[in-house]
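For reference, the chains in residue letters:
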Amino acid sequence: MDDLKKQLSQPSIESKQEWVGKLISYLAIILIGGLVGTILIFLTLKGIALFKDNGVSIWHFLTSTDWQPSHHHYGALPMIITSFSVTVFSGIIALPLALVVAIAITEMLPKKTYQYLQPLIELLVGIPSVVYGYLGLTVIVPNLRQVFGGTGFGILAATSVLFLMILPTMTSMIIDSLQAVPQKYRQASAGLGATRWQTISRVIIPSAKSGILTAMVFGMARTFGEALAAQMVIGNTTIVPKSLMESSATLTSVLTTGIGNTVMGTASNNALWSLALILLVMSLTFNLLMRLVSKKGAR
C-alpha cells in the first residue's frame, strides 16, 4: 500500500517531459526576446548619438536635402523620398500582377498546373538579391538607357529590379490566401447562379482580402529594406530625384556604401546609424501593419 502511494505521488514520465518542454520553450523565448531587445537598444543608442553628441537637429536631419558628411551636412530627406518612392512604385506594380497570376493558378488553370509552377515560384523566391541586381545591371539598365537616354540608372531601374524580386513572394502568399478560402463559398456562389468571374471578384477576393493586403505589405517591407539590388542600379547619388530616370540613393544604398568608409564614433558614422534607425522604425511599422491587417481579417 505504501509503495502504491509513493508511485502515485511521484510525477509521471509524461509530466516530466512536459515540464522539460515548457522549460526549453521559455528559455528560447527569453533568449530570442533578449537578442531582439539588445538589437533595438543598440540601434536606438547609436541612432540618437548624432543628435545627442553631435548637436544635429532631428528636424534638420529629416527635412534637409543636403547630404555631405565630409562637410558636416546631414540631410536624409533625399534618401527617405527615394526609398519610399521605390517601395510604393514596386508594390503598386507587383500587386496586380501577383493577384492575376495567383487567381489564374488557383481558380482557372488545371490543378496539375500548380504542381509544376509551385517549385518554379519557390525557386524564384529563393534567388539571392544580388542575382536580381546583376540582371538589372546587365539587362534593365542598358535597355532603359537605350529607350529613355541618360545613364539608365535611377528610380525606374530600381523599381523594375525590386518589382521582379518581390513578385514571386507576393504571388506565393496570395496563392496561399486564395487556397485558404473554404470551398463551400465557391459552391454556394455557383449554386446561386454566379459566373466564375463573379465568384472570383465578389466572393473569393473579398474573403482573402486580409491575406492579399498582408502579401502587399510584406513585399513593400522587403523592398524598403533591400540594399544590394537597389544599390547596383539606382546610381547612388544623394539628391532629391526630379524624374524616374535620374540617379538617386536609398537609405540602404547609402548605408552599404558608406559604413566601411567612416570611423566608429565620428559624426559621419553616427549619421549612418541614424539612417539605420529610420530603417528599423519603418521595419517595425511594416510589421505592425501586417499584424493589424491579419487581425482585421481574422475578425
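Up top is the structure these notes are about.
Scope of this entry: the structure provided in the associated data block.

Calculation criteria
- Residues numbered from 1 in each chain as written.
- Predicted model: local features only at pLDDT ≥ 70, side-chain atom pairs only at ≥ 80, totals over all residues.
- Heavy atoms only, no water.
- Helix = DSSP H or I, 4+ residues; strand = E, 2+ residues; numbered from the N terminus.
- Contact = heavy atoms within 4.5 Å.
- Phe/Tyr/Trp six-rings, centres within 6.5 Å; stacked < 30°, edge-to-face > 60°.
- Buried < 20%, exposed > 50% of the residue type's maximum accessible area, 1.4 Å probe, protein only.
- Expected span 1.5 Å × (residues − 1).
- Core = buried A, V, L, I, M, F, W, Y, C linked by side-chain atoms within 4.5 Å.
- Axes fitted to C-alpha atoms, helices over the stretch in contact; angles between N-to-C directions.
- Parallel < 35°, antiparallel > 145°, perpendicular 65-115°, else oblique.
- Left-handed = near helix turned anticlockwise from the far one by under 90°.
- Nonpolar A, V, L, I, M, F, W, Y, C, P; charged D, E, K, R; others polar.

Attention shifts here to the environment of S64. Position of S64 among the secondary structure elements: in the loop between helix 4 (58–63) and strand 1 (67–68). Linking S64 and G75, residues eleven residues apart in sequence, is a C-alpha distance of 4.2 Å. With residues near it in sequence (within four places) discarded, S64 still touches G75, A76, L77 and P78.

Another point: the packing of aromatic side chains. Taken as a whole, this structure holds five aromatic pairs when the rule is applied. For the pair F51 and F61, a centre-to-centre distance of 5.4 Å together with 75° between the ring planes defines the contact as edge-to-face. Here F51, found in helix 3 (residues 49–52), pairs with F61, found in helix 4; they are ten residues apart in sequence, far enough to count as distant. The buried category is assigned to F51, whose relative accessible area is 19%. Take F61: its relative accessible area is 1%, and that puts it in the buried class.

On to the side chain of S268, then. Among the structural elements, S268 can be located in helix 14 (residues 267–298). A residue is classified by how much of its surface remains accessible, and S268, at 19% relative accessible area, is buried.

Moving on, we get to helix 10 (residues 196–207). Counted at 1.5 Å a residue, the expected span for helix 10 with its twelve residues is 16 Å, and the 15 Å between its end C-alpha atoms agrees. For helix 10, the secondary structure elements touched by its buried residues are helix 5 (77–108), helix 8 (155–179) and helix 9 (183–191).

Within the largest apolar cluster, 39 residues are counted, with the highest numbers of intra-cluster contacts made by I174, L178 and V233. At the level of secondary structure, the elements contributing two or more residues to this core comprise helix 5, helix 6 (111–125), helix 7 (129–148), helix 8, helix 10, helix 11 (209–225) and helix 12 (228–234). Of all the elements, helix 8 adds the most residues to this core, at 13 residues. Residues within four places of I174 in sequence aside, it is in contact with L95, A98, L99, A102, I212 and A215. Counting residues in each nonpolar core, the second largest holds 30 residues, with I80, A267, L272 and M290 among its members.

Below, the discussion takes up the packing of helix 9 against helix 10. Contact geometry of helix 9 with helix 10 gives a least axis separation of 10 Å together with a crossing angle of 155°. Compared by their axis directions, helix 9 and helix 10 come out roughly antiparallel. Here the hand of the crossing between helix 9 and helix 10 comes out right-handed. On helix 10, the residues touching Y185, R186 and S189 of helix 9 are T199, V203, I204 and S207. Per-class residue counts for the contact of helix 9 with helix 10 are three nonpolar, three polar and one charged.

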